[in-house]
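Here are the chains, one letter per residue:
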Amino acid sequence: EYSISAAAIAIFSIGFAIIGTICVLLSFRKKRDYLLKPASMFYTFAGLCIIISVEVMRQSVKRMIDSEETVWIEYSYSWSFACACASFVLLFICGITLLLIALPRFPQNPWETCMDAEPEH
């Protein structure tokens, strides 16, 4: 059943989002900046799980409509479909942005390497 698979993938998405939030909170509270990179990846994975879940659910509905046992005149997606797509966009963009913020400072001088750069305080 596709619906059960979509629900399981959505549960994984919630788990990834919770773990990402825990990493961000620990990072801000104890000044552990190295936790921002895993947090960004957890948020990105949560977004990807949501869009995969939405696609599995969409395929389930399409298969149900195309079957011989059901007769549908017309159908439309509800507001929850739009919310799931918006949450995918938000989680994915925020995860990538957090990753870019967590990356080390790039050298100012083209001849300077990352190792020669002044440490940030």
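Along each chain, residue indices are assigned from 1 in the same order as the chain's sequence is written. Local features in this predicted model are restricted to residues of pLDDT 70 or higher, and side-chain atom pairs are both shown and tallied only at a pLDDT of 80 or more, whereas totals for entire chains, interfaces and linings draw on every residue. Hydrogens are left out, water is left out, and the side-chain values use all remaining heavy atoms of the structure.

**Focus on the overall build of the chain**
Here is step 1 of the chain: Of regular secondary structure, the chain possesses 3 helices and 0 strands.
Here is step 2 of the chain: Segments assigned H or I by DSSP are reported as helices when at least four residues long, segments assigned E as strands when at least two residues long, and all are numbered from the N terminus. Going from the N terminus to the C terminus, the chain shows its helices and strands as α-α-α.
Here is step 3 of the chain: Residues classed as buried in the chain amount to 23% of the 121 residues present.
Here is step 4 of the chain: In what follows, residue pairs with any heavy atoms lying within 4.5 Å of each other are defined as contacts. Partitioning the intrachain contacts of the chain with sequence separation of at least 6 by distance along the chain shows that 67% fall at a separation of at least 24.
Here is step 5 of the chain: Per element, the accessible surface of the chain, about 9,200 Å² overall, is 69% carbon and sulfur. Any residue under 20% of the maximum accessible area for its type is buried, any over 50% is exposed, and the rest in between are partly exposed; the area is computed with a 1.4 Å probe on protein chains only. For every accessible area listed, the method is Shrake-Rupley and the probe measures 1.4 Å; residues are considered covered only by the protein chains on display.

**Let's talk about the pattern of salt bridges**
Here is step 1 of the chain: Salt bridge, as used here, is a side-chain nitrogen of Lys or Arg placed within 4 Å of a carboxyl oxygen of Asp or Glu. A full pass over the atoms with the stated rule returns 1 salt bridge.
Here is step 2 of the chain: One salt bridge in this structure joins Arg 58 and Glu 55, with 2.9 Å as the shortest N-O distance. Placement of the pair is Arg 58 and Glu 55 together in helix α2 (residues 36–66), with a separation of 3 residues, close to one helical turn.
Here is step 3 of the chain: We classify Arg 58 as partly exposed; its relative accessible area is 26%.

**Some details on the nonpolar core**
Here is step 1 of the chain: Membership of the largest hydrophobic core comes to 14 residues, with the highest contact counts inside it found for Val 24, Leu 36, Ala 39, Tyr 43, Ile 50, Leu 91 and Leu 98.
Here is step 2 of the chain: Of all the secondary-structure elements, those providing two or more residues to this core are α1 (2–30), α2 and α3 (79–102).
Here is step 3 of the chain: Among the elements that take part in this core, α2 stands out by supplying 6 residues, more than any other.
Here is step 4 of the chain: In contact with Val 24, not counting residues within four places along its chain, are Leu 36, Ala 39, Tyr 43 and Leu 98. Put simply, a nonpolar core is a bunch of buried Ala, Val, Leu, Ile, Met, Phe, Trp, Tyr and Cys residues held in one set by side-chain atoms that sit within 4.5 Å of each other.

**Considering the packing of aromatic side chains**
The geometry of an aromatic ring pair is captured by two quantities: the separation of the ring centres and the angle between the planes.
Here is step 1 of the chain: For this analysis, a ring pair means two rings from Phe, Tyr or Trp (six-membered ring only for Trp) whose centres lie within 6.5 Å, classed as stacked if their planes differ by under 30 degrees, edge-to-face if by over 60, and tilted for the remaining angles. This structure, assessed with the given rule, holds 3 aromatic pairs.
Here is step 2 of the chain: Summarising the aromatic geometry, the rings of Phe 16 and Phe 42 are spaced 6.0 Å apart at their centres and angled 25° between planes, so their arrangement reads as stacked. In this pair, Phe 16 is assigned in helix α1 and Phe 42 in helix α2, connecting sequence segments 26 residues apart.
Here is step 3 of the chain: Ring-pair connections join several aromatic residues into one group, and the members of that group are Phe 16, Phe 42 and Phe 45.

**Thoughts on the packing of α1 against α2**
Here is step 1 of the chain: Only C-alpha atoms enter the line fits that serve as axes; for helices the fit covers just the stretch in contact. Angles between N-to-C directions range over 0 to 180 degrees. Running from N to C, α1 and α2 point in directions that differ by 165°, and their axes come no closer than 8 Å. Regarding the angle of α1 to α2, the classification is roughly antiparallel. Judged by the twist between their axes, the crossing of α1 over α2 is left-handed.
Here is step 2 of the chain: Broken down by class, the residue content of the contact of α1 with α2 amounts to 22 nonpolar, 8 polar and 1 charged. Reported orientations rely on four angle classes, namely roughly parallel under 35 degrees, roughly antiparallel over 145, roughly perpendicular from 65 to 115, and oblique for the rest. In this scheme the crossing of two helices becomes right-handed for a clockwise turn of the near helix relative to the far one and left-handed for an anticlockwise turn of less than a right angle. Side-chain classes follow a simple rule in which Ala, Val, Leu, Ile, Met, Phe, Trp, Tyr, Cys and Pro form the nonpolar group, Asp, Glu, Lys and Arg form the charged group, and the remainder, Gly included, forms the polar group.

**Here we look at the side chain of Ser 13**
Here is step 1 of the chain: Counting through the fold element by element, Ser 13 comes out in helix α1.
Here is step 2 of the chain: By relative accessible area, Ser 13 is classed as buried at 3%.
Here is step 3 of the chain: A polar side-chain atom of Ser 13 sits 2.9 Å from the main-chain carbonyl oxygen of Ala 46.
Here is step 4 of the chain: Sequence-distant contacts of Ser 13, that is, excluding residues within four places in its chain, are made with Ala 46, Cys 49 and Ile 50. N or O atoms within 3.5 Å of each other form a polar contact, as long as, within protein, one can give a hydrogen and the other can take it, and as long as residues adjacent in sequence are counted only when both atoms are side-chain atoms.

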